[in-house]
Amino acid sequence: MFVHPYIRKMYESAPDTHRAKAMAESPKPRKTRSPTSLRSPTDPLTEDLQCSICLDVFTNPVTTPCGHNFCKICLKECWDNHQDHSCPICKKTFNQKPELKVNTTLRDIVDHCKKRNHLKVPEVLCDICTVPKLKALKSCPACQSSYCKTHLERHFKVPGLKQHKLINPVKNLQDHLCQKHNRHLELFCRDDQTCVCVTCTVTEHKTHNNVPVEEESEMKKTQMKKTQTDVKQMIQDRMKKTEEIKRSVKLRKKNTEKEKADCVELFADLIRSIERCQSELLEVMEQKQKAAEKQAEKLIKELEQEITELKRRNTELEQLSHTEDHLHLLQIYPSLCSPLDIKIWTGISINTCVSVETLRRALAELQDTLDKKLNQNVMKRIQQYAVDVTLDHDTAHPELILSEDGKQVQHGNIKHDHPHNDKRFDKYIIVLGKEGFSSGRFYFEVQVNGKTQWNLGVARESINRKGELHLCPKNGNWTLWQSSGNKYQACESSPVPLSLNVKLQKVGVFVDYEEGLVSFYDVESRSHIYSFTGQSFTEKLYPFLSPCTNDKGKNSAPFIITPVSYDE
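In this text the structure is predicted, and so the values were computed from the model without any measurement.

In terms of burial, strand β15 (residues 477-483) is a largely internal element, 6 of the 7 residues being buried. Inspection of the sheet shows strand β14 (residues 454-460) paired to β15 by 6 bridges, in the antiparallel sense. Residue pairing across strands places V458 opposite W478, the latter belonging to β15. Where β15 and strand β16 (residues 487-490) come together, 4 bridges link them in antiparallel fashion.

A few words now on the sheet that holds β15. Hydrogen bonds between backbone groups are what pair the strands of a sheet, and the pairing can be parallel or antiparallel. Across the sheet, which stays open at both edges, the 6 strands sit in the order β12-β21-β14-β15-β16-β17 with antiparallel pairing between neighbours. The open sheet has two edge strands with one neighbour each: β12 (431-432) and β17 (496-498).

For K133, the position within the fold is in the loop between α4 (104-116) and β5 (138-140). Here C126 takes part through its backbone oxygen, which lies 3.2 Å from a polar atom of the side chain of K133. There is a polar contact of 2.5 Å between the side chain of K133 and the backbone oxygen of C129.

The residue K91 is not glycine, and still its phi comes out positive at about 70°. Position of K91 relative to the elements: it lies in the loop between β3 (85-86) and β4 (93-94). For K91, a relative accessible area of 45% gives the class partly exposed.

What follows covers the pairing of strand β18 (residues 506-512). Across the 7 residues that make up β18, a large majority, 7, are buried. The alternating pattern of β18 places K506, G508, F510 and D512 on one face and V507, V509 and V511 on the opposite face, and all of these are buried. Pairing of strand β13 (residues 441-447) with β18 involves 7 bridges; the strand directions are antiparallel. Within β18, the residue paired with F442 across the bridge is V511. Relative to strand β19 (residues 517-522), β18 runs antiparallel, the two being bridged by 6 bridges.

Quick notes on the rules
Residues numbered from 1 in each chain as written. Predicted model: local features only at pLDDT ≥ 70, side-chain atom pairs only at ≥ 80, totals over all residues. Heavy atoms only, no water. Buried < 20%, exposed > 50% of the residue type's maximum accessible area, 1.4 Å probe, protein only. Helix = DSSP H or I, 4+ residues; strand = E, 2+ residues; numbered from the N terminus. Pairing = 2+ DSSP bridges. Polar contact = N/O pair within 3.5 Å; in protein donor to acceptor, adjacent residues only side chain to side chain.

Laid out in structure tokens, this is it:
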């Protein structure tokens, strides 16, 4: 036990009869921070959890009748070395030596603070040694004391002490005693999940399953190791998921920046297209205006010529109407009264309004241009996420024939004798890609030309590969299906018919894992076909291909995974 040098000096220099008095009269030593101090700037309470004798954290604290607290061993040693029994702090003298019992409440507070502040627990010292105290080798619950190697020898020699069960050194020996029978807690009741003494096993725990505490402890350690392994695995899983999320956020940020740039470029292209279409429309309108003006000029010229001719005829008629030369009148009358070679102007006019049909046609052409431009930009953007897909032979239905490079698959008429494995589809004509994706975006293209039936998309890793399989997102697959007669549908829980103007030749499949998006595109027309949106992906997703049966040769064309061609 550590004794403050000031106190030790007083003990050694004063006669035995006066040491207690010297202790009582000595000024209270100033507390200094020790290695095991509980003092914390954030918790003033811990300042009072130190013994004023050893200046260390309380060990088995006891409380004197006057209300002061000390380590049990410190106060015991102080009183054992002096004739009177007084409080080292307030000097109050007790006529009879008080019975010192551990203040369990204060001890629990100290233990709590030790755990909270991650303090090093002081080593257990021998209760028999005087200064300096040696480190205890064993503790005896029956004697309620801890012993160094020298003082432990009596337990190996004295017959009565030989029966005592020794344990590894512990501070709180009273915790190892049965509160009811004051005997060592050396057994564990599995029925009540509590430690018991031998006497307990012949009374209230008589019929219970009682085993040695060492046996139960070892079993608990084994369970703890398993739990620790599970916890470590959970930590690793969560650390992996944390890194995955960080990568996803980083990738998302990168994709967002790229998409922002793509959007700026897209809208710039759209604005240029609109300006070009506007310019073309204005030019057409200007040309039509010029044509109308030219037409009007021609018509006016014709009208002026006819007016001149009519005026001349009118003058001649006016003159002849007053002539007295009857013979001349009769001679020229036929020519003056014959019909003039002039137009019928009733239905002729110049349109003063721009043709609505012209505007409608121009807008339709503009819309078509914008749609094509938008589709081209979208296809250009998603094709940047192209991945190299290779089919997994281990998942292929036994009747499927795969090329050596894993880029083509078709249905054969013979069921091959493949080794059984849990990954293989055994009922439906399906094969998956080798590589799965659990984050980010990916895109691949499949040639479907020449086929009459097929199913194409992606599927989660846990998709049912044995027995019945209903194609829909609920069952872990997101696909398009073509049936005979060039009918197409999206395989939702209730299939969605698709109206396509052309027969599909090549289909592009795009997945955004974080957005929960699966989209299909007609690669030839560079147009969108269908999208599954608002999905929640929690597993790896794999390319899903089903060429369907060959239908007696009508559907024998293979699925072909083609390289993505980037159009500039």
